[in-house]
Amino acid sequence: MTQDYGLTPSGDYSPKDLIAGAHPPVEIAITVASGASAMTAGTILGKITASGKYKAYAAGGSDGTQTACAILSQDTPQASSDIKAYAYVHGVFNKNALTGYTTAAEADLQAHAIWLKEVY
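Calculation notes
- In every chain, residue numbers begin from 1 and rise along the written sequence.
- With the structure being a predicted model, the display of local features is reserved for residues of pLDDT at least 70 and the display and counting of side-chain atom pairs for 80 or more, all residues being used for whole-chain, interface and lining totals.
- Hydrogens are left out, water is left out, and the side-chain values use all remaining heavy atoms of the structure.
- The buried label goes to any residue with under 20% of its type's maximum accessible area, the exposed label to any with over 50%, and the partly exposed label to all in between, with areas taken from a 1.4 Å probe on protein chains only.
- Under the DSSP-based scheme used, a helix requires at least four consecutive residues in state H or I and a strand at least two consecutive residues in state E, with every element numbered from the N terminus.
- Strand pairing is assigned whenever DSSP detects at least two bridges linking the two strands.
- Stacked, tilted and edge-to-face pairs are distinguished by plane angle, under 30 degrees for stacked and over 60 for edge-to-face with tilted covering the rest, among Phe, Tyr and Trp rings (Trp via its six-membered ring) whose centres lie within 6.5 Å.
- Contacts were defined at the residue level, with two residues in contact if any of their heavy atoms lie within 4.5 Å.

S.K.: So what's going on with the pairing of strand 4 (residues 68-72)? Residues and values would help.
M.R.: For strand 4, the tally of buried residues reaches five of five residues, placing the bulk of the element in the interior. As paired strands, strand 4 and strand 5 (residues 83-94) are joined by two bridges and run antiparallel to one another. Bridge pairing in strand 5 places L72 opposite A87.

S.K.: Account for the packing of aromatic side chains, with residues named and values stated.
M.R.: In the structure shown here, the tally under the stated rule is one aromatic pair. The interplanar angle of 40 degrees and the centroid separation of 5.0 Å between the aromatic rings of Y88 and F93 together place this pair among those described as tilted.

S.K.: Please provide a residue-by-residue account of the environment of F93, values included.
M.R.: By the element assignment, F93 lies in strand 5. Spatially, the C-alpha atoms of F93 and L116 are 4.9 Å apart, while their sequence positions differ by 23 residues. When neighbours within four sequence positions are excluded, F93 is seen to be in contact with L18, I19, A20, P25, I71, Y88, I114, W115, L116 and K117.

In structure tokens:
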């Protein structure tokens, strides 16, 4: 039976060499918050505490996005309204393919069972 999760296709899917290990990644449906900038697959995400919606990780944030917790798995346009998308919440990923990487983000991701390694 096919499930309808209310997702709208946003273009061609391309993993962009994000996966960096044999351990299978776990991907979930998320909501990108209205007002978020356009993002590419591999953008490190933070979760807004008040709404549970996601935006790009912001080290200096104070709304929950200052804690990295997921990796966007598809490109998304600028969000004039909430957007349904997919994000990785577990697995091993290519550090060099990520957008928004910092050592603090890496520590946050590791605490969420997301591991990064360098792939050349």
